[in-house]
Amino acid sequence: KAGVTQTPRYLIKTRGQQVTLSCSPISGHRSVSWYQQTPGQGLQFLFEYFSETQRNKGNFPGRFSGRQFSNSRSEMNVSTLELGDSALYLCASSSVRGLAGDEQFFGPGTRLTVL
Amino acid sequence: AQSVAQPEDQVNVAEGNPLTVKCTYSVSGNPYLFWYVQYPNRGLQFLLKYITGDNLVKGSYGFEAEFNKSQTSFHLKKPSALVSDSALYFCAVRDNYGQNFVFGPGTRLSVLP
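Residues numbered from 1 in each chain as written. Chains lettered and ligands numbered in written order. Predicted model: local features only at pLDDT ≥ 70, side-chain atom pairs only at ≥ 80, totals over all residues. Heavy atoms only, no water.

> Would you mind going over the overall build of chain B with me for this structure?
Secondary structure assignment for chain B yields 0 helices and 12 strands. The secondary structure elements of chain B, listed N-terminal to C-terminal, are β-β-β-β-β-β-β-β-β-β-β-β. Taken over the C-alpha trace, chain B has a radius of gyration of 13 Å; the compact-globule value for 113 residues is 13 Å, and the two agree within 12%. Along the first, second and third principal axes, the C-alpha atoms of chain B reach 45 × 30 × 20 Å. Here chain B, with 113 residues, has 50% of them falling under the buried criterion. (Helix = DSSP H or I, 4+ residues; strand = E, 2+ residues; numbered from the N terminus. Rg over C-alpha atoms; globule rule 2.2 N^0.38 Å. Buried < 20%, exposed > 50% of the residue type's maximum accessible area, 1.4 Å probe, protein only.)

> Explanation requested: the overall build of chain A in the structure shown.
Within chain A, the regular secondary structure consists of 0 helices and 11 strands. Reading the secondary structure of chain A in the N-to-C direction produces β-β-β-β-β-β-β-β-β-β-β. A compact globule built from 115 residues should have a C-alpha radius of gyration of about 13 Å, and chain A, at 13 Å, falls within 12% of that. Considered along the principal axes of its C-alpha atoms, chain A spans approximately 40 × 25 × 25 Å. Residue burial in chain A is summarised as follows: out of 115 residues, 53% are buried. Partitioning the intrachain contacts of chain A with sequence separation of at least 6 by distance along the chain shows that 55% fall at a separation of at least 24. Total accessible area on chain A stands at roughly 5300 Å², and carbon and sulfur atoms take up 50% of it. Chain A carries 12 positive and 7 negative side-chain charges, and their two centres are separated by 4 Å. (Contact = heavy atoms within 4.5 Å. Areas by Shrake-Rupley, 256 points an atom, 1.4 Å probe, with all protein chains shown as cover. Lys, Arg positive; Asp, Glu negative; His and termini not counted. Charge placed at Lys NZ, Arg CZ, Asp CG, Glu CD.)

> I keep staring at the packing of aromatic side chains and nothing clicks. Help me out?
Centre distance and the angle of the planes are the two values used to describe a pair of aromatic rings. In this structure the tally under the stated criterion is 16 aromatic pairs over all chains. One aromatic cluster in this structure is built from Tyr35(A), Phe45(A), Phe106(A), Phe34(B), Tyr36(B), Phe46(B), Phe90(B), Phe101(B) and Phe103(B). (Phe/Tyr/Trp six-rings, centres within 6.5 Å; stacked < 30°, edge-to-face > 60°.)

> When you look at the state of the cysteines in this model, what are you seeing that I'm missing?
Each disulfide consists of a covalent bond between the sulfur atoms of two cysteine residues. Residue and element names in this part refer to chain B. Throughout the structure, instances matching the rule amount to 2 disulfides over all chains. With its sulfur 2.0 Å from that of its partner, Cys 23 forms a disulfide with Cys 91. Taking the torsion about the S-S bond as the criterion, the Cys 23 to Cys 91 disulfide, at about -60°, is left-handed. Here the residue Cys 23 occupies a position in the loop between β3 (19–21) and β4 (24–26), and Cys 91 occupies one in strand β10 (residues 87–95), the gap between them amounting to 68 residues. Note on Cys 91: relative accessible area 0%, which makes it buried. (Disulfide = S-S within 2.5 Å.)

> What is the right way to look at the interface of chain B and chain A in this model?
Where interface size is given, it is often the accessible area lost as the parts come together that is meant. Tallying the contact residues gives 19 residues for chain B and 18 residues for chain A. Each partner contributes to the roughly 1500 Å² buried at the junction of chain B and chain A, and carbon and sulfur atoms together form 54% of this total. Put simply, chain B and chain A have 2 salt bridges between them. For Glu48(A), the salt bridge identified is with Arg94(B), shortest N-O distance 2.8 Å. One can count 4 residue pairs in polar contact (both at pLDDT 80 or more) joining chain B with chain A. The set of elements that each furnish at least two residues to the side of chain B that touches chain A consists of β5 (31–38), β6 (44–50) and β10 of chain B. (Buried area = accessible area lost by both parts, 1.4 Å probe. Salt bridge = Lys/Arg side-chain N within 4 Å of Asp/Glu carboxyl O. Polar contact = N/O pair within 3.5 Å; in protein donor to acceptor, adjacent residues only side chain to side chain.)

> Sorry, what's going on with the pairing of strand β4 (residues 31–38) of chain A here?
If a strand is regular, its side chains alternate between the two faces of the sheet. For β4(A), a buried count of 8 out of 8 residues is recorded, marking the element as mostly surrounded by other parts of the structure. Burial of the side chains of β4(A) extends over both faces: Ser31(A), Ser33(A), Tyr35(A) and Gln37(A) are buried on one face and Val32(A), Trp34(A), Gln36(A) and Thr38(A) on the other.

> Mind showing me how you'd approach the sheet that holds strand β1 (residues 5–7) of chain A here?
Hydrogen bonds between backbone groups are what pair the strands of a sheet, and the pairing can be parallel or antiparallel. All names here are of chain A. Strand order across the open sheet formed by 4 strands is β1-β3-β8-β7, with antiparallel pairing between neighbours. Looking along the sheet, the strands with just one partner apiece sit at the ends: β1 and β7 (64–68). The sheet shows a mean angle of 20° between the axes of neighbouring strands, taken without regard to direction. Strand direction decides the pairing type here: β7 and strand β8 (residues 74–78), joined by 5 bridges, are antiparallel. (Pairing = 2+ DSSP bridges. Axes fitted to C-alpha atoms, helices over the stretch in contact; angles between N-to-C directions.)

> Just to check I follow, could you spell out the pattern of salt bridges for this structure?
Two side chains carrying opposite charge are able to pair once their charged atoms lie near each other. In the structure shown here, the tally under the stated rule is 10 salt bridges over all chains. The salt bridge involving Glu48(A) is made with Arg55(A); its shortest N-O contact spans 2.9 Å. Since its relative accessible area comes to 1%, Glu48(A) is described here as buried. Notably, a salt bridge pairs Lys58(B) with Glu64(B), separated by 2.9 Å at the nearest N-O pair.

Honestly, that's just the spatial picture; any functional story needs more than this.
This is the structure we're talking about:
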């Protein structure tokens, strides 16, 4: 089974621009979560989608948004980029059944650099 | 609110010696606990989890973890460390109501030859 894939792997943007990241979950998984990883803040939860519905949301400003499509693929969007948005953005999929105890499987991440 | 603490930023151990990476948690409901490992420039890999049942859980690559409810801990252990175990280890918790995963800050494990 193919793992979680994320595109693009690397992105360089300038302040004020917007960016869209894509995540394809493991086949059959219906839950997709997004995380931001930085050296200073560690792994911070952004949001979780299950069957196209946002189920949980982290403490991030409204510039960060996401969605999930009927095929479970997910995108996250960051508008009006700031220097502090530079990070590794990780996507994780889980839950054919949507259970809280299901482990997450992570993609390799998208490295976003904001100049 | 849920939280996870990993009190050690760095753990150094000699190859062949046992290793322990510590984790304590706080959660309102029953905890679901997880360990993940991250190798350089790669995503996180699942190692093991505790949902219910036996307090000692076994996972990938010879790792195991012990759930201790009274101490709210879930320490990761391995009887004999390998140099290839050197990586960043994350503990995570989720409550049984399905709130989002909360990850600890990570512990960097260095296994010295």
